[in-house]
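What follows is each chain in one-letter form.
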Amino acid sequence: MAKPTPEAIESFWRTYLTTGEFEKERRQRHLFRLLPGSPRCKNCYAPFQGSGSIIVKTFYGKEPSNLNPQLCNICEQFAQQFQGGAEVELSLLFADVRGSTTLAESMNPTQYSQLINRFYKAATQVMVSSDALIDKIIGDQVAGMYVPGFAGKDHARRAIEAAQSILRATGHQDKDGPWIDLGVGVHTGTAFVGALGSDQGTTDITVLGDAANTAARLSTNAGVGEILISEPAFTAAAIQLGGLEKRNLTLKGKLEPMQVWVLPIKGS
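Residues numbered from 1 in each chain as written. Predicted model: local features only at pLDDT ≥ 70, side-chain atom pairs only at ≥ 80, totals over all residues. Heavy atoms only, no water.

Engineer: How should the environment of Thr-202 be read in this particular structure?
Structural biologist: Structurally, the position occupied by Thr-202 is in the loop between strand S4 (182-197) and strand S5 (203-208). Overall, the relative accessible area of 23% leaves Thr-202 in the partly exposed class. C-alpha of Thr-202 to C-alpha of Asn-68: the two residues are 134 residues apart in sequence and 6.2 Å apart in space. Ignoring any residue separated from it by four or fewer positions in sequence, one finds Thr-202 in contact with Leu-67, Glu-76, Gln-80, Leu-196 and Gly-197. (Helix = DSSP H or I, 4+ residues; strand = E, 2+ residues; numbered from the N terminus. Buried < 20%, exposed > 50% of the residue type's maximum accessible area, 1.4 Å probe, protein only. Contact = heavy atoms within 4.5 Å.)

Put into structure tokens, the structure is as follows:
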């Protein structure tokens, strides 16, 4: 099969990320997210372990890629074929563990890995159920992309609601406090989304650009149990959140202070 031209690849990604034309993929995602099993393909949600993994392997031929363990074999082939992407407007959610270095020092390596894995599972379960494309599961951070083609036109609202759900799932609303301390950032903007190859021959589906950097820096500036929402995300979400605190932040790499809304998830 002839290799697609750069123009065709860009057009493909723009359609994939911003329209509802990929109905088959949308239905498949909704099915896969109902199947038990974790971890999952970050693009199509196919489970890699548990009884759900048997179903997707038997009927869909999906199993973990040997090249990129965060993608299934079919999504990795898709990313290889369509290396490239497009600039699109989307909303981004970054959830970051607070005090991870101190936390790691207070536990043995096995205990720490089990805690972080529990965080990964809780956060990705929320992202999967809210139609995010999972961008990163690395270190002490999880990131999700809410693109119009899958999360819909109200992607900013869905990202904010998912941020609230992640904090609830990790106990930030519990009387005894969270079982892991998190800060979350949500930002809406334009970024490059697509498949990028590495020197090692692997391909990944990711997001690049200032919008992603902004969301990541918001999460690192958020206090425990806080969601920092950028002004573009707050405006795009168009939801009533009550009298929220406004905060002016000077983020790394930004020349001008940035106004954000602070949404706390408080214990009962």
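Engineer: What am I meant to see in the packing of aromatic side chains here?
Structural biologist: The geometry of an aromatic ring pair is captured by the separation of the ring centres together with the interplanar angle, meaning the angle of the planes. In the structure shown here, the tally under the stated rule is 14 aromatic pairs. Ring centres of Phe-12 and Phe-22 lie 5.5 Å apart, and the angle between their planes is 90 degrees; this geometry places the pair in the edge-to-face category. Residue Phe-12 is found in helix H1 (residues 6-18), and its partner Phe-22 is found in the loop between H1 and helix H2 (23-32); the two are separated by 10 residues along the sequence. An identical accessibility class is assigned to Phe-12 and Phe-22; each is buried. Taken together, the ring pairs in this structure connect Phe-12, Trp-13, Tyr-16, Phe-22, Phe-78, Phe-82 and Phe-150 into an aromatic cluster. Cation over ring: Arg-29 sits above Phe-150, and NZ or CZ is 4.0 Å from the ring centre. (Phe/Tyr/Trp six-rings, centres within 6.5 Å; stacked < 30°, edge-to-face > 60°. Lys NZ or Arg CZ within 6 Å of the ring centre and 35° of its normal.)

Engineer: When you look at unusual backbone geometry in this model, what are you seeing that I'm missing?
Structural biologist: With glycine set apart, most residues show a phi of negative sign, and most peptide bonds adopt trans. Of note, the amide linkage connecting Ser-38 to Pro-39 takes the cis form, showing an omega dihedral of 5 degrees. Along the chain, Pro-39 turns up in the loop between H2 and helix H3 (51-60). Not every positive phi belongs to a glycine, and Tyr-45 is a case in point at roughly 75 degrees. Mapping Tyr-45 onto the fold places it in the loop between H2 and H3. We classify Tyr-45 as buried; its relative accessible area is 0%. Although it is not a glycine, Asp-131 sits at a positive phi angle of roughly 65 degrees. Summarising the element assignment, Asp-131 is placed in the loop between helix H6 (109-129) and strand S2 (133-138).

Engineer: Can you help me understand the packing of H6 against helix H8 (residues 155-169) in this one?
Structural biologist: The angle between the axes and the distance between the axes are what describe a pair of packed helices. Relative orientation of the contacting elements H6 and H8 amounts to 150 degrees, with a least axis distance of 9 Å. By the angle between their directions, the pair H6 and H8 is classed as roughly antiparallel. Handedness of the crossing formed by H6 with H8: right-handed. Taken together, the residues of H8 that come into contact with H6 (itself represented by Ala-122, Ala-123, Val-126, Met-127 and Ser-129) are Arg-158, Ala-162, Ser-165, Ile-166 and Ala-169. Class assignment for the residues of the contact of H6 with H8 results in 7 nonpolar, 2 polar and 1 charged. (Axes fitted to C-alpha atoms, helices over the stretch in contact; angles between N-to-C directions. Parallel < 35°, antiparallel > 145°, perpendicular 65-115°, else oblique. Left-handed = near helix turned anticlockwise from the far one by under 90°. Nonpolar A, V, L, I, M, F, W, Y, C, P; charged D, E, K, R; others polar.)

Engineer: Sorry, what's going on with the pairing of strand S8 (residues 258-264) here?
Structural biologist: Within a regular strand, side chains alternate between the sheet's two faces. Along S8, 5 of the 7 residues are buried, which leaves the element largely enclosed by surrounding structure. Of the pairings in the sheet, the one linking strand S7 (residues 245-249) to S8 comprises 5 bridges and is antiparallel in character. The residue bridging Leu-249 from the neighbouring strand is Met-258, located in S8. (Pairing = 2+ DSSP bridges.)

Engineer: Honestly, the side chain of Gln-141 in this entry has me stumped. Any pointers?
Structural biologist: Inspection of the secondary structure puts Gln-141 in strand S3 (residues 141-146). Its relative accessible area of 14% is what places Gln-141 among the buried residues. Among the polar contacts made by the side chain of Gln-141, one reaches the side chain of Asp-96 at a distance of 3.2 Å. (Polar contact = N/O pair within 3.5 Å; in protein donor to acceptor, adjacent residues only side chain to side chain.)

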